[in-house]
Every structure is written in C-alpha cells, then in structure tokens.
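Architecture at a glance
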Amino acid sequence: MDNLTQNRKSPLNNATLGNKKNIFLSEKPFATTLEIRVKPNSVTAKKIEKVLNIKFPNQVGQTFKSKNFTVLTLGPDWWMVVGANKHHEAKVRAAIGNGFASIVDSSAQRTFVEVSGKYAQVVLEHGWENDLDPKVFKSGMCAQAVLSRSPVIIYHGPIGVYHLYVRASFAQHLWNFLSDAAVEYLKK
Amino acid sequence: MSTVQFTFDGVTYHGNKGEPLSAALLRNGIKVVTESSYRLRPRGVVGLGYEEPCALVQIDSGSGEPMVPATKIELVDGLVVRSLAGVGDLPNQIDKARYDKTFRHVDVLVIGAGLSGLKAAQKAANSGKSVIILDDQFEAGGYLKDLNEKIDSKILNSLKKNNVTHLQRTTAIGLYDQNYVVAIERRTDHLSAEILPEIARMRNWHIRAKEIILATGAFQRVLVFPNNDRPGIMLSHAAATYLHKYRVGTFNSAVVVTVDDFGYQDAIRIHKSGVKVQAIIDIRKKVTGKLLEQVKKLGIEVILGSTVVNTSADQSGSLNSVSIAQTSLEGEVIGIKQEIKTDLLAVSGGWTPTVHLATYLNLKPVWDKKIAAFVMPKLPQNIKATGFSNGEFDKVTNPPAVFFGIIPEGEDAKVSFIDLQRDANVRDLRRAVGAGLTSVEHIKRYTTIGTAHDQGKTSGTTTMGLLGQLISKEPHEVGTLTFRPPYVGVPFSALAGRDLGILSDPIRTTPIHSAHLLANAPMEDVGQWKRPWYFPIEKENMHDAVLRECKAAREDVAVMDASTLGKIDIQGPDAGIFLDRIYTNMFSSLKVGASRYGLMCGVDGMVFDDGVTTRIAEDRFLMTTTTGGAAKVLDWLEEWLQTEWPDLNVYCTSVTEHWSTVAIVGPKSRNLLAKLAPTLDVSNEAFPFMENRYAEVAGIPARIARISFSGELAYEINIEAWYGLHIWQEVMKKGKEFNIAAYGTETMHVLRAEKGFVIVGQETDGTQTPQDLGMDWIVSKKKDFIGKRSFTRSDTTRNGRHQLVGLLPLDNKTLLPEGSYIVNEGDSKKEGKLTHIGYVTSSYSSSALSRTFALAMVADGRNQIGKFAEVPIGNNVARVEIVDSVFLDKENTHRDG
C-alpha cells in the first residue's frame, strides 16, 4: 500500500448496515468524480466526449454508462463523470486547449452510499420526495435533491439498487437518517 | 374475538379485542364517560367515529395521548385511559415511540374505503393505474360494515392482486394544491398498549396523486332541544351499531327521534338487537313506503309531526325519559307534551357529507334541499367524489325534513346544546343574533361553536340550520361549511416524523472531527457545522484554555482546522472580470499563484461576505467564503452569471468538502512547515506572504497558502479531504517540539480581534458598508462592482454612521458582554431614556495585551477615538476608552515571523 492509500480516510469509514435480502447500506469509499461544466453540444463538449469516450446526455436526469465511467447529467450544462480522476482531468484539459469548460476534480467532495435490498425503495421513500417508482425513476436515471436536508445526488443503478452521492460533511447525518429509516425493515 | 382487559379511571374492565373503547364502556354500563368542559354536565358516548363531541379520554398507556375520542380507540389488552373534560395533559415523559414520514406518487388516491371507495379503487387498479386507498376506520367497509354487512371479498382480493396500497387506520388530514394529500397512519396502537420499539407508531404519508377520489362518507347530525346532551342520547346510527353490531346490552328500551328514513332503519336494527323501540318520533307529517310498513309490523309506534322537546335524567345524570310534542318545521312547539320513559334516545338529525377536504381547497359546499345537506361543490377536473360524501344516500323513499331542532327561550335555551364539546347552546346563538350577527363565520367566533377538537363535525350544519330557522332564512343563505386542516387532531410527533434529536437538522463535520472529539474539545455550532470551540487540557476552563492557545499562536505555533471555510472553484476566461464585479477590490490583476483578501457587498453596498481568493491558473480561481456563507455565496454567483451576465464565460463549482484545510499559525510555523514539507523552500524570500506553493506535506500532495488571520506568520495547508485527518495528526506529532497547541473558534476570534480583523456576521449584520468598518482601502475607485452605486447614497455617505472602533475597559479586566450598548460618559447615571451611541460586537480577554478589550460599532466612531464612554452592565457601569480597532502589531511586523 502506498503512502496515499494508507493515509486516506473516507467520511463513513467503509460503514455497512443491514442485510442483503431486505435492506443493505454500504459506503463505497474513494469513488473518483470529475465535475464538468461546458456548453452542451459545443466543440469543446465534443472534444471532452471524444477524449473520455463518453456522451453527455442532453436531458437532466439522464445518464451515460461506458466501461470506465458513469456520466450523470446534473444540469443543462453540468455533468458528473463518476470514475474519472485527476489524471483524466489533465487529459481533458490538454484535449480542449483554450476551449471554455470547467473541469473540477470533486472526488473527495462527496462519498457514495449504496442502498440495496428488497426494501431499498421503501426506505428511501421515507425521506426522498420525488417519485421513486421504477416505472418513473427508471434504472439508469439520476436526480439531485435533498434527503433529510442533506444535498444528495441519487443514481438508480440496476433496478432496486441506488447510489447516493452525499456531500462529505453531511455523510454521517445521512447515514444516521438511513440507519433509522431501515430499522423497521431489517427483520421483515 | 378475544377478551381483553383495560383500565378506565383506575377500574379494570373487560372488552372485546379490536372493538371501539366506546362500545366496551357502554357494555360495561358506563354511560357517563366524562363531564362537559364548562358546565360540568354529565356526558356520554354520542357517536361512532371522529364526529364524537363528548366521550374524550386521555390515554396513559404506551406513548400516552391527550384528547382522543373513545370511539376511535381500538381496544387492546392493557389499555389505560381516563376520562377527560375539555383539556388534555401532555404526557410528561419523553415519547420513546418511533414516528416516520413517507412520500408517494400515484395515479389515483382514493380517500375512504367504504363500498363506493373500494369500487373506485378496484376500477382504477383494473385499468392499470397505480392506486392508494386509505381509510380512517379499523377495517374497510364504511357504512355497510357498521350494518354488519360483508364487503364482497372479490373486491378486496382484486385490490391485493393489483398491488394497491390499502391503508386502514389512516386519516387524510389535509388536501393541498396540485392534489397533494397529507395523511396520518396509526400503525401500532391497535397491536399493543405498549410502545413497539422497531415499528413507527404513526406514519405521516405525503401523497401526490394525478387523480383523487373522495369517498369520505358522511356524519349524522344531532338535533337541538332542551337537555339534548344527556348520556343515553346518541346518534341513531351509532346507537344501532353499538347495540346490533357490538352487542351492547346496556339499554332497556329506546325511542328514536328522526327527520329522515335513516331513523327507521336504525329503529329496526335496535329492535333486532333485542331492545324494544317504544316509538319513532318523526317531525315529518307524512311518511310512506316499505320502511314504515316494516316498523309497524315490528310493533313500533310512529308519531308524526312531532319531535323531542325535553328530557329528564336519573341520579347519575343519564337519560330516563323524553318529552315529545307536536312541533312545526320552524321549531315551534304546538302540541301537548307527552312523556315516554326510556334510557336510550336515538337521534337521526340528518346526514352531512364529509366535505372537509374539498373545503381545504377553498371550495364552497352547496346546499341541497332534497337531502337537507351541504354537498360537494363542482370539483376540479382531477378530483371526484362518490358515495355518501357526494350526497348519494340510497334507500330513501321519503325526503328528509329540513329541520334542526327547537329553539327555546329562557332557561331552556341554556341547556339546548348545539356544540356539546364547547357547551355552546341556543342562548349563545340567540345572543349572537341579538348582537346583530348574521354570518355564520361571525357567529362561530362569537359562540365558539365548531372550535373544539371535533371542529364542528356534528354541529356545523346544525348551526346554520338553526340560525336560518331563527332569522327565517335557508341554511345556505347564512353561510356554508368551511373547515381547515388538520381534519383530526394530530400529535406533533407524527408531524415531526423522525426529524427529532440529532436528526432534526444535519450536523456537518470535517474529516478531522474525530480528532477533535478525542481531544475532548467542546463544540461550537457555526451554521450546521460543529467546530471545536477550544481544546482544554485536563480540567482547564475555557478562559484559561483560550489564553494558553492565544499565547501559543503569538509565541510558538498553534494549529486550527479551517476545513469548514466555503470553497468555490471558478473557471473560465472571464473569471477575473467576474470577480472584479463581485468583489469591491480588483482580482483580474492578481498574478497566478497569489492570493488576495476580498470583500463582497450586496447591491445595497452592505458587506455580504469575505474571504481569500487564489489565482490557481490564468483562467481559474479558488474562492473561499465564510463558513456559514458558502451556499449563499454560490447562489449569489450563479444568480449573477445566469441572470445578469450570461455573456461571461465563467462556471462555478462548489469544492468546500473536496479540500481540507489545516492552518498553522505562529512564529514557529515556518520551522514546523519545513519539517512537514522537507522539499519546500520555506524562507521568507522564496515563499512570501499571500503566495501559494505546491509540495508534499507528510507525503501528501498539498497546496500551501501563506495567509494569516491572526497577524502572525501562518500557513494554510490544503489537501484532499481524505487526507485531512492524517495531516492533522502529522502536524500535531511534528509540532510537539515547537510546543504546538490546537486551537478552536474562540482563540481564532481573539487573535483576529487583536488585529482588528472583522468577522462578517459578528461585526456586521447586513447594515455596514466597508467604509463603516474602516476598510475604504479595499473599495476600488477605478472599477465597477456590485454595491458601488450605493456608496453615493445619502445614507451611506452621511456623518454619524456607526463605525468600527476598539474599546478598552479602564480597569483592564471587565469583560464587556457582546451586544452591550454604549452611552456617552456620565450618561448612565441620568434618569430616563439614554442616547446610546453604539454597541459592543466582540469582547475578549487577551493574553498578548494582558487585559480585556472589545470591538464596537460607535456613531461617528473614528472621531471619538481618545474619548471615554460608558457601558452599563446590569446595575454596574464599565468606563471604557474608545481606541483604534487594531490593538496589536500595527506595523505588521509579526507577519513574516
């Protein structure tokens, strides 16, 4: 283990809770993210797509998945590329030259809690105000809102598996909330 | 059905599990449940559900709950209740039960699981729509369930098959715009009298539905006549259901008084339960049809054109006879009184559709004379009504009479009750009319009718009817029903859900928080953040700890977790121009790798936020904001970029939590940094003030900024937040040889105050210009920026504005309370109103100055320097000298170590 890996600590210390059958919460620490803001469909946007081999979906809430990255559309000109890191940041900068875009390594800005199990949707509905019906919030969609007053980006992975990207300083609070909401479903 | 034990007013009784407490009380012969709130008259069970105006109890078992109608408590073993007159007690122990909320979106929400609601839900579900059906009773079936009729199991099964969410014991308490319904589900009280630790006792449902179907049923009304409140006088539907369905055998015989055919149906049910119905007293003059034949066949006498005109009671206060007489529809008694001995009077005063939810949308129910009731008005397209709530009363042959009771005068008026919970009566109504009131809205407030826990469920229409009778108008001419949410009383805990205790608001922490907890640092709340306040060694108090921490920062080295500062990554070719407009001072001229302190104002020219911003690259800046201001500053930047200056090529991204910041402060901080970052040339020449360097610190890539908020030589080490704790620990370890001390927000405040640095939010409250703070030097005269125009307003340029100054208490040791007001010398002894010339904004004990000192805002402050003033503290007066706001190292010699 190198010095960096050895000395880093995630906001929730790799916490897990619950059981895989009913409800399972787990922190997936140290996911890397690049936040990219660029004019949609611009030449610069196309250059970024090319160098990372991704597509920027045009609709907020839509995502794009490649082998290495998951691209979440957070705003009309705002994407979060999960899986991309500082080295990709440098590559993108080199590729766009003087093109206008904002490329930010935000890896430590948030941590990522996976919520899965039979009652994942039900547990989240105790705080998430938007519709989580899988027919509406389909697998592969993302959304941004507050959950228990904490800023959260939610990504619906495989059906019934949710990734919550929560601001690091709110992570423990969100974890406390989710743990409390899960209590009723642990032994069902 | 199993038998369970319960306690009422300290006595143990038996009842059937799952039946309403009211049924069990009646079966145990308890007719007098409580006394009325104001008149202390004996009162018993009147109704069957939430319309119950009298039989309130306090629940003492489980979580405890005040003011619950006995009709809505489902009997469980071990239930402990006591009778309640008017005012309940809040349980005095902390409620250990869970409460939660849930949010759902559906195609169709059906409110009410009587037959019409169930059918509507079935139809919607069969067409493939997502459906929630909720109902506030113990089981589905509504009116028919009370008649002991079974609901077709096919309906319930098809709901189950179609994954319909079917909630019983769930009351829709509010209906809001865009078909937004809030409902309370009671989930455990029927399972156990004890608290169930793992199941939420109540669930607060927030439902958004494309379509809402109101199948909320109807309530029966009381009739008004003297002594109409005696125990033993009940609504006929309730009476018949208690006797017939719940097998309550307490009564010997019954009389039914009615205005409609429902009275006949209920008389038949009472008769079938084995209690002799002596007579049906019907105000209508003519009645025909099957029901009439049926009751005659059963030998029940029918007396037409008459009503009950008085009652009498036995020693306990319960009914023992009724007086009846011929009466006109206007309520005038015209015949001779006749007395019938009976202990049960079943009253069928007509039905009122439950239109509450519709009125929450400000819709006005309309009067339908045919059924003598206010009914649903025209509803919005996506709301429908069905069943009783829509006025669809079936099995009716003879129309009901529009009759609400008799309106006696004198003493009798005082005992003719309209709102039984409020003890409001005909005399009150007469006085209101006598005072000139004609609108029911005024009369409600004058008489208190409809203001009790039941919100006039049985008395609303009756009031309008009687008022109409009094002033010769139809009910709809005096007003209409208006209700407000919540539909029933709801415990605050149910509204709070799990937003209690630590979950009531997020607690934000830095990556270094665990180290602060280990060091036993008391925390200060800064917005939602927890920041260490000071770091006591052993039993040190705050005063001593802060003096020690300050001394370390001024003489050795001290360390602080500055990770909470807001950070915004600003990128784009126009970033410099953008910052020039945002800040009062220039940023486009900043060279790459350098940092500058900036102040931002609102359009009113008042200081809004401040912080140090660093030019990371030609087209990239990293802005820091105050801890509490991060979110509002980002909003501010986005607002200007998106609405005013979309032509600027600039993007902002929050990176507050991506970076962790550890500040090392003090003359020995350079030596410490040299140890931590051996590859870095830390000399003053190689690494000057307000510059940034990249280097590995304790093996971690870092950006080190030479900035100071204390006047001392200082560095801020910025690392990715994952490494925050590691760097803190390394700094503490390597700092030992330099006598390092960790310090918190209090020492930070003292250090900056000694140098006269302001804190936005401490010295400012949104009414200070930079000039007021003595910061003209930061206000550019060359460029334009937000707020600049306001500096030419007469109010910002006038003489006498409060200005930042320092205060020195003359005795060297008085600590002026922050917020104290300041008066001219000699004024505090004066009588009457004093002219206060300013107020204290910050006040501390200083180790470096060996005395107390303060910052203050004083009128025309800079011209007052050298003068003396007074600060009243309780009964004492502190004399102070007004001085410059910089107390220490005015020449900035400490800055370079």
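Criteria and cut-off values
Residues numbered from 1 in each chain as written. Chains lettered and ligands numbered in written order. Predicted model: local features only at pLDDT ≥ 70, side-chain atom pairs only at ≥ 80, totals over all residues. Helix = DSSP H or I, 4+ residues; strand = E, 2+ residues; numbered from the N terminus. Buried ≥ 20, exposed ≤ 12 C-beta atoms within 10 Å, placed from the backbone. Contact = placed C-beta atoms within 7 Å. Rg over C-alpha atoms; globule rule 2.2 N^0.38 Å. Domains from an automatic or database assignment. Pairing = 2+ DSSP bridges. Axes fitted to C-alpha atoms, helices over the stretch in contact; angles between N-to-C directions. Parallel < 35°, antiparallel > 145°, perpendicular 65-115°, else oblique. Left-handed = near helix turned anticlockwise from the far one by under 90°. Nonpolar A, V, L, I, M, F, W, Y, C, P; charged D, E, K, R; others polar. Core = buried A, V, L, I, M, F, W, Y, C linked by C-beta atoms within 7 Å. Expected span 1.5 Å × (residues − 1).

Our next topic: the overall build of chain A. For chain A, the helix and strand inventory stands at 5 helices and 11 strands. Its C-alpha atoms give chain A principal-axis dimensions of roughly 55 × 45 × 30 Å. Across the 188 residues of chain A, 47% fall into the buried class. Intrachain contacts of chain A at a sequence separation of at least 6 include 59% that bridge at least 24 residues.

Here we come to the overall build of chain B. The number of helices and strands found in chain B is 23 helices and 47 strands. Scaling as 2.2 N^0.38, a compact globule of 897 residues should have a C-alpha radius of gyration of about 29 Å, whereas chain B reaches 38 Å, well beyond that. Taking the principal axes of the C-alpha coordinates as reference, chain B spans close to 115 × 70 × 60 Å. Across the 897 residues that make up chain B, the buried fraction comes to 54%.

Let us now look at the domain arrangement of chain A. Residue and element names in this part refer to chain A. Taken domain by domain, chain A consists of domain 1 (14-29 + 109-185) and domain 2 (33-105). The C-alpha-based centres of domain 1 and domain 2 are spaced at 25 Å. Contact with domain 1, which involves 8 residues of that partner, is made by 9 residues of domain 2. Those elements that place two or more of their residues in the side of domain 1 that touches domain 2 are β9 (142-147) and β10 (150-156). When residues in the side of domain 1 that touches domain 2 are grouped by element, the largest group, 3 residues, is from β9.

Residues and elements named next belong to chain B. Residues of strand β31 (residues 558-561) alternate between two faces, with A558 and M560 on one and V559 and D561 on the opposite face, all of them buried. Pairing of β31 with strand β41 (residues 741-742), which is carried by 2 bridges, proceeds in the parallel orientation. Directly across from V559, in β41, lies its bridge partner A742.

What follows concerns the sheet that holds strand β37 (residues 659-665) of chain B. Residue and element names in this part refer to chain B. With mixed pairing, 6 strands are arranged side by side in an open sheet as β38-β39-β40-β37-β31-β41. Each edge of the open sheet is held by one strand with a lone partner, namely β38 (692-697) and β41. Alignment of β38 against strand β39 (residues 700-705), held across 6 bridges, turns out to be antiparallel. Of the residues in β39, the one forming a bridge with N692 is A705. Lying on the sheet, helix α19 (residues 669-676) is in contact with β37, β38 and β40 (714-720); it crosses β37 at an angle near 135 degrees. Across the sheet, helix α20 (residues 724-735) touches β31, β37, β38, β39, β40 and β41, and the angle it forms with β37 is around 15 degrees.

The subject of this paragraph is the packing of helix α10 (residues 426-434) of chain B against helix α11 (residues 440-447) of chain B. All names here are of chain B. Between α10 and α11, whose axes approach to 10 Å, the crossing angle comes to 125 degrees. Accordingly, the angle class assigned to the pair α10 and α11 is oblique. Crossing geometry of α10 relative to α11 is assigned as right-handed. Of α11, the residues touching α10 (which contributes D428, L429 and A432) are I443, Y446 and T447. Counted by class, the contact of α10 with α11 contains 4 nonpolar, 1 polar and 1 charged residues.

Every contact between the two is made by 38 residues of chain A and, on the other side, 38 residues of chain B. Every element with two or more residues in the side of chain A that touches chain B is listed here: α1 (3-7), β3 (33-38), β7 (101-105) and α5 (171-182) of chain A. For the side of chain A that touches chain B, the element with the highest residue contribution is α5(A), accounting for 6 residues. Residue composition of the side of chain A that touches chain B, grouped by class: 12 nonpolar, 14 polar and 12 charged.

On to the sheet that holds strand β19 (residues 306-313) of chain B. Within a beta sheet, neighbouring strands are joined by backbone hydrogen bonds and run either parallel or antiparallel to one another. Residues and elements named next belong to chain B. Strand order in this open sheet of 3 strands is β19-β20-β21, and the pairing throughout is antiparallel. Each of the sheet's edge strands pairs with one partner strand only, and the pair in question is β19 and β21 (338-341). Between one strand axis and the next, the sheet turns through 30 degrees on average, direction left out of account. Bridge count for β19 against strand β20 (residues 319-326) is 7 bridges, and the pairing is antiparallel. Residue pairing in the sheet places V308 in a bridge with I324 of β20.

All names here are of chain B. For the peptide bond that leads from P485 to P486, omega is 0 degrees, which places it in the cis range. Non-glycine residue N163 carries a positive phi angle of around 60 degrees. Assignment of secondary structure puts N163 in the loop between α4 (153-161) and β10 (165-167). For N163, a count of 10 C-beta atoms within 10 Å corresponds to the exposed category.

Examined against the element boundaries, G10(B) turns out to sit in the loop between β1 (3-8) and β2 (11-16). Once the C-alpha coordinates of G10(B) and E441(B) are considered, the two residues, 431 residues apart in sequence, prove to be 42 Å apart.

Before going further, it helps to spend a moment on the nonpolar core. In terms of nonpolar packing, the biggest core is built from 158 residues, with V81(A), L174(A), L178(A), A558(B), I664(B), V697(B) and I727(B) touching the most fellow members. Looking at this core element by element, the count peaks at 7 residues for α5(A). Beyond its immediate sequence surroundings of up to four residues, I664(B) is in contact with V557(B), V559(B), S669(B), L672(B), L673(B), A714(B), Y715(B), I717(B) and V731(B). Core analysis: the second largest hydrophobic core is formed by 150 residues, V46(B), L118(B), Y264(B) and V347(B) among them.

The next thing to look at is helix α5 (residues 236-244) of chain B. Taken across its 9 residues, α5(B) has 9 buried, putting it largely inside the fold. For α5(B), the set of buried residues is S236(B), H237(B), A238(B), A239(B), A240(B), T241(B), Y242(B), L243(B) and H244(B).

Because each turn of an α-helix spans 3.6 residues, side chains separated by three or four positions in sequence point in the same direction. All names here are of chain B. Taking 1.5 Å of rise per residue, the 12 residues of helix α12 (residues 460-471) would be expected to cover 16 Å, and the 17 Å separating its terminal C-alpha atoms lies within 8% of that figure. With 10 of 12 residues buried, α12 lies mostly within the body of the structure. Regarding α12, the residues found buried are G460, T461, T462, T463, M464, G465, L466, L467, G468 and Q469. Downstream of α12 by a residue or two, S472 has a phi angle that is positive, lying close to 55 degrees.

Bringing the packing of helix α6 (residues 262-272) of chain B against helix α7 (residues 290-297) of chain B into the picture now. Helix packing geometry: the angle between the two helix axes and the distance between the axes. Residues and elements named next belong to chain B. Remark: α6 packs on α7, axes separated minimally by 10 Å, with the N-to-C direction vectors making an angle of 30 degrees. Between α6 and α7, the angle falls in the class roughly parallel. Judged by the sense of rotation from one axis to the other, the crossing of α6 with α7 is left-handed. Two secondary-structure elements touch here, α6 through Y264, Q265, A267 and I268 and α7 through L291, L292, Q294 and V295. Taken together, the residues of the contact of α6 with α7 sort by class into 6 nonpolar, 2 polar and no charged.

What follows deals with the environment of A452(B). All names here are of chain B. Along the chain, A452 falls in the loop between α11 and α12. Residue classification places A452 among the buried residues on the basis of 21 C-beta atoms within 10 Å. Residues A452 and I207, spaced 245 residues apart in sequence, show a C-alpha to C-alpha distance of 28 Å. If sequence neighbours within four positions are ignored, A452 has contacts with D419, Q421 and R422.

All names here are of chain B. Pairing between β1 and β2: 6 bridges, direction antiparallel. Note that in β2 the partner of F8 across the bridge is V11. The hairpin formed by β1 and β2 contains 2 residues between the paired strands, and D9 there has a positive phi angle of roughly 50 degrees.

As a further point, take the environment of A120(B). Residue and element names in this part refer to chain B. Structurally, A120 is set in helix α2 (residues 115-126). The class of A120 is buried, set by 25 C-beta atoms lying within 10 Å. Between the alpha carbons of A120 and N520 there is a distance of 61 Å; along the sequence they are 400 residues apart.

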